[in-house]
Amino acid sequence: MKLPEIDRVLSSARAEAAFVLAACVLAALYRGAGVMSVLLGGIPPISHISYDGVYYAQIARNILAGDGLGWEAMIFPALQPVFIAAIAYVTGIDNLAFLSGYVSQVAGIALLVPVYLLVRDLLGKSAAVAAVFVIIPYPHLVAISSADTVESLYAFFVFLSIYLGYRALSGAPPVWLAFTGISLGLTYLARPEGLIVFAGFLPIAAWRLYEAGGRGLALRGLGIIAAAFFVVSLPYMVFLTKSYKRVVLSPKLPYESVVMKSKVFGEDMSFRDVEGLTAKGEIVWREKGGAGLVLGYFRENPARFVRSYLGNLVSELPWNVGNSSHLEGYPIVYPVYIWLLAMAGFAFLVLPPGRRWAALLLLAPFANLFVYPVFTKGFWIYHAPYVPALVTFAAGGVLLLSRETERLTGRAVPLLLVLVLTWGGYSAYIRYSCSPQQVEAVNFKSVISEESKKVGRWARVNIGTDVTYMTTWSRLVYYLGGRWVSIPMDDHKRVVSYGIKNHADYIVEELVGDAAIAGPEYTDVPSLEHYFTYQSPDAPYAVVFWKIKNR
């Protein structure tokens, strides 16, 4: 069947719904077994977790324990943990790492719905079907939908917001403006970059609404969007402001603004400069980080700041954004044959005056790519959530090429079908033919992860989970099963005092590599009592539990 016949096959709402449902099932089968595991009940008692995943799981653990979001939500956003906690509460599943990956998989599958609907409304059903089949095997979307982190959920709400905004600005009832504001608020709760998506959306909405009904309609529409956005997002903004004791809207900004001195400007910094304690007894990045610090860097040396920004911006160019090791052998996140088609598609959408605003609406999320260079170099995982917009533009580019080919040759060429078959076959081939790099460092990390699981199982049996550990950020935090206080990098006496102030019961030293050979550091602290030591028989890895006596 040729793709141009799609309009006839999907001529009814029921046929379209059946197609989207079938596409979602196909995505679930292709991308992994997480969703199927829930349906079949084969859920492991404990799952591997990533370093970032630790934060999401711990926030969910705090919620389930009735402790609120906890300090962890000062640096990692809240929406993914809320979904994890809700599912765990309803189902009784206590494997939070698994549930975090499950949320990502469901979000990655659900992404197909707004993709289909928006591309259909913009470019027609043939292009919509093609876009769905390009996105299902897209390697980077497969990767984030299999992860226990938030990128997949964020991608879903970014594109849902674009679709709802398109409908709201295309003459739909005013309630669609409220839906758009709610979705934008959830985008922000998924990742703080959602605030930039919201800011990018507002001027486009103002322009479109002003054209449609003048200043009055524009003000009313923007008011509805903003009100709905803040109804959803304001509680978290208040939480951040109270936690930091100053206005903070982006949870990761304080931390990133401190480490950028080393990460961006190349200045020497120690862990104590970031994780040490201030004179007030607070961890450095919590007290001193924020937008004011970033502005301070600029005022201190504008030329250096601009030079670093432009260098990082160059690293955001499509051909410069590399993959991390577990995507070795995969194409880059924006392959040249995709973004060149996308540029043609942008022209296809933006040239007709009546559709120009829609093309700019799709561009709004890409504003984040001009913010990232302030803090970091290009990295594929920051770009992956915007792939659906790129694919939408690319579909428009293929339609433009099809139209020109037919005009020049007099024959219809199913270029969309060629694109789908070529991309799908290539993506499936590289997925099943390329294996992750088997390097010594990766193997060592795997061994350490398994060892830390053993320590976690011991602690859950012998200490329980109604306990607070003070330890460094690692996978062990999740495996221990209790509450977590981040251990500052400071004098041992001050560290213990900080632990007592934050109701820690144990200090847990995780010693890896040379540190395991050197031995524990807290042997000279009178207020600590040695409780247990785990020494791995297979790797230079040890964990020492110190009980705080005055607790």
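An account of the accompanying structure is given in this report.

Remarks on the side chain of serine 47
Okay, so step 1: Here serine 47 is to be found in the loop between α3 (34-40) and α4 (51-64).
Okay, so step 2: Residue serine 47 is classed as buried on the basis of its relative accessible area of 13%.
Okay, so step 3: One polar contact links serine 47 to asparagine 95, side chain to side chain, over a distance of 2.8 Å.
Okay, so step 4: Once you skip the residues sitting within four places of it in the chain, serine 47 turns out to touch Asn95, Ala97, Phe98, Lys453, Tyr478 and Tyr479.

Let's talk about the packing of aromatic side chains
Okay, so step 1: The tally for this structure, following the rule as stated, stands at 39 aromatic pairs.
Okay, so step 2: The interplanar angle of 50° and the centroid separation of 6.2 Å between the aromatic rings of tyrosine 188 and phenylalanine 229 together place this pair among those described as tilted. Separated by 41 residues along the polypeptide, tyrosine 188 in helix α11 (residues 175-190) and phenylalanine 229 in helix α12 (residues 194-244) bring together distant segments of the chain. Pair check on accessibility: tyrosine 188 and phenylalanine 229 agree, each one buried.
Okay, so step 3: Ring geometry for phenylalanine 198 and phenylalanine 229: centres 3.8 Å apart, planes at 5°, overall stacked. In this pair, the class of phenylalanine 198 matches that of phenylalanine 229, namely buried.
Okay, so step 4: The positively charged end of arginine 167 is found above the aromatic ring belonging to tryptophan 176, 4.4 Å away from the centroid.
Okay, so step 5: Lying over the aromatic face of phenylalanine 265, arginine 304 brings its terminal NZ or CZ to 4.1 Å of the ring centre.

Structural notes on a nonpolar patch on the surface
Okay, so step 1: Taken together, the side chains of Val336, Tyr337, Leu340, Met343, Tyr426 and Tyr429 define a hydrophobic patch exposed on the protein surface, amounting to about 610 Å² of accessible area.
Okay, so step 2: When contributions to the nonpolar patch are tallied by element, the ones reaching two or more residues are α18 (336-350) and α22 (415-433).
Okay, so step 3: Residue position: tyrosine 337 is located in helix α18.

Some thoughts on the sheet that holds strand β5 (residues 541-548)
Okay, so step 1: Spatial strand order, β2-β1-β3-β5-β4: 5 strands in an open sheet with mixed pairing. What marks the edges here is a single partner per strand, and that holds for β2 (483-486) and β4 (528-535). Within this sheet the neighbouring strands show an average axis-to-axis angle of 25°, counted without direction.
Okay, so step 2: Taken strand by strand, helix α25 (residues 492-501) contacts β1 (468-471), β2, β3 (506-512), β4 and β5, and its axis lies near 150° from that of β1.

How each quantity is defined
- Residues numbered from 1 in each chain as written.
- Predicted model: local features only at pLDDT ≥ 70, side-chain atom pairs only at ≥ 80, totals over all residues.
- Heavy atoms only, no water.
- Helix = DSSP H or I, 4+ residues; strand = E, 2+ residues; numbered from the N terminus.
- Buried < 20%, exposed > 50% of the residue type's maximum accessible area, 1.4 Å probe, protein only.
- Polar contact = N/O pair within 3.5 Å; in protein donor to acceptor, adjacent residues only side chain to side chain.
- Contact = heavy atoms within 4.5 Å.
- Phe/Tyr/Trp six-rings, centres within 6.5 Å; stacked < 30°, edge-to-face > 60°.
- Lys NZ or Arg CZ within 6 Å of the ring centre and 35° of its normal.
- Patch = residues over 30% accessible without salt bridge, like charges linked within 9 Å, V, L, I, M, F, W, Y side chains within 5 Å.
- Areas by Shrake-Rupley, 256 points an atom, 1.4 Å probe, with all protein chains shown as cover.
- Salt bridge = Lys/Arg side-chain N within 4 Å of Asp/Glu carboxyl O.
- Pairing = 2+ DSSP bridges.
- Axes fitted to C-alpha atoms, helices over the stretch in contact; angles between N-to-C directions.

Any functional reading would require information that these geometric values do not contain.
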